[in-house]
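Results of the structural survey
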Amino acid sequence: QVQLVQSGPEVKKPGASVKVSCEASGYIFTSYGIGWVRQAPGQGLEWVGWSSTYNGNGDYAQKFQGRVTMTTDTSTNTAYLELRSLRSDDTAVYFCARSGHSSSSYGDYWGQGTLVTVSS
Amino acid sequence: DIQMTQSPYSLSASVGDRVTIICRASQSISTYLNWYQQRPGKAPKLLVYSASSLQSGVPSRFSGSGSGTDFTLTISSLQPEDFASYYCQQTYNARTTFGQGTRLE
C-alpha cells in the first residue's frame, strides 16, 4: 500500500535551517511528484511547493522563494524539504503528499506530518 | 494568486443531517477544485478531485459539484466520523491555494 513516512519533530532556533524527509513506498516513486504543505498551530493549510521526482525540478510558493529547497533521492525513494533562515512564524506541521506531474496537482496520499518548532 | 473563500467558517450539525459547504474562487478555475477532510492531529485526506470526482474509498454520502467560481461539497447524511475540518483547494494554476477551512462540529 502507498505510504509516505516523514522524519520526526524538530526544534530550531531563529536563523537556523531545517531539513524534513519524506520516504515513499508502495508505488513507483518517479511516477508522481511530491508536494509540501504546512499548517501553523490552529491555522489552515498553506502550500509550500512541489518537487518533481523525475527531473528534480521544483516550484515554490512566492513567499518561500530563496529560503526553500526541495530535492528528491530516487535511490532511497525519499523527498526532502529544506527551509533556511527560520523565523518563529515558520513554526508549523509540514506535510508531504504524493502529487501529479506538475505543481498544479492534488495530493492523494499524505505523510503523517512533521512538527517544526522555531524558538529561541 | 487565486483566492479561495469558504463558507461558513464553522457549522454546527447533528448526525443524519444534510450539510453543504461552499467554496468560491476569485476567478474562474473551471473544475480544478479539490476537497479534503482533516481530523484533529491528522493529515488531510482527499475526498473529491476535479470538482465532482469521488476519490477511491470515500463514502458515497460525500459529493462535490460546481464549475467556474462556485463549488459545493455536500454530505448527504452526517456520520459521527464526519465531524472534522474541510478544505477546498484550487489547482488551476501552478501556485495552488487552499480555502481557509470549514469546521464541522
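Because the structure is a prediction, the values reported are computed rather than measured.

Scanning chain A from N- to C-terminus turns up zero helices and 11 strands. Ordered by position in the sequence, the α and β elements of chain A form the string β-β-β-β-β-β-β-β-β-β-β. Computed over C-alpha atoms, the radius of gyration of chain A comes to 13 Å, within 12% of the 14 Å expected from 2.2 N^0.38 for 120 residues, which places it in the range of a compact globule. Its C-alpha atoms give chain A principal-axis dimensions of about 40 × 25 × 25 Å. A buried classification covers 47% of the 120 residues belonging to chain A. Considering only contacts within chain A whose residues lie at least 6 apart along the sequence, 53% involve residues at least 24 apart. If you sum the accessible surface of chain A, you get close to 5,400 Å²; carbon and sulfur atoms cover 47% of it. For chain A, the distance from the average site of its 9 positive side-chain charges to the average site of its 9 negative ones is 6 Å.

All names here are of chain A. By the definition in use, this model includes two disulfides over all chains. Sulfur-sulfur distance for the disulfide between Cys-22 and Cys-96 comes to 2.1 Å. Residues Cys-22 and Cys-96 are joined through a disulfide that is right-handed, its torsion about the S-S bond being 75°. Of this pair, Cys-22 sits in strand E3 (residues 18–25) while Cys-96 sits in strand E9 (residues 92–99); the two residues are 74 residues apart in sequence, bridging distant segments of the chain. The same class applies to Cys-22 as to Cys-96, namely buried.

Below, the discussion takes up unusual backbone geometry. Residue and element names in this part refer to chain B. Note the cis peptide between Ser-7 and Pro-8, where omega equals -5°. The topology assignment puts Pro-8 in the loop between strand E1 (4–7) and strand E2 (10–11). Residues other than glycine seldom take positive phi values, yet Ala-51 does so here, at roughly 75°. Mapping Ala-51 onto the fold places it in the loop between strand E5 (45–49) and strand E6 (53–54).

Of the residues lining the interface, 18 residues belong to chain B; the matching set on chain A comes to 21 residues. Between chain B and chain A the total buried area reaches about 1,500 Å² when both faces are included, carbon and sulfur atoms providing 58% of it. Of all residues in chain B, the largest losses of buried area upon contact with chain A belong to Pro44(B), Arg95(B) and Phe98(B), amounting jointly to 33% of the total for that side. Linking chain B with chain A are one salt bridge. Across the pair Asp59(A) and Arg95(B) runs a salt bridge whose closest N-O atoms are separated by 3.2 Å. For the pair chain B and chain A, the number of links is six residue pairs in polar contact (both at pLDDT 80 or more). Going through the elements one at a time, strand E4 (33–38), E5 and strand E9 (85–90) of chain B are the ones with two or more residues in the side of chain B that touches chain A. Ranked by residues supplied to the side of chain B that touches chain A, first place goes to E4(B) with three residues.

Okay, the sheet that holds E1(B) next. Residue and element names in this part refer to chain B. Spatially, the four strands line up as an open sheet ordered E1-E3-E8-E7, and their pairing is antiparallel. At either margin of the open sheet sits one strand with a lone partner, and together these are E1 and strand E7 (62–67). Between one strand and the next, the sheet's axes are offset by a mean angle of 20°, whatever the strand orientation.

What counts as what
Residues numbered from 1 in each chain as written. Chains lettered and ligands numbered in written order. Predicted model: local features only at pLDDT ≥ 70, side-chain atom pairs only at ≥ 80, totals over all residues. Heavy atoms only, no water. Helix = DSSP H or I, 4+ residues; strand = E, 2+ residues; numbered from the N terminus. Rg over C-alpha atoms; globule rule 2.2 N^0.38 Å. Buried < 20%, exposed > 50% of the residue type's maximum accessible area, 1.4 Å probe, protein only. Contact = heavy atoms within 4.5 Å. Areas by Shrake-Rupley, 256 points an atom, 1.4 Å probe, with all protein chains shown as cover. Lys, Arg positive; Asp, Glu negative; His and termini not counted. Charge placed at Lys NZ, Arg CZ, Asp CG, Glu CD. Disulfide = S-S within 2.5 Å. Buried area = accessible area lost by both parts, 1.4 Å probe. Salt bridge = Lys/Arg side-chain N within 4 Å of Asp/Glu carboxyl O. Polar contact = N/O pair within 3.5 Å; in protein donor to acceptor, adjacent residues only side chain to side chain. Pairing = 2+ DSSP bridges. Axes fitted to C-alpha atoms, helices over the stretch in contact; angles between N-to-C directions.

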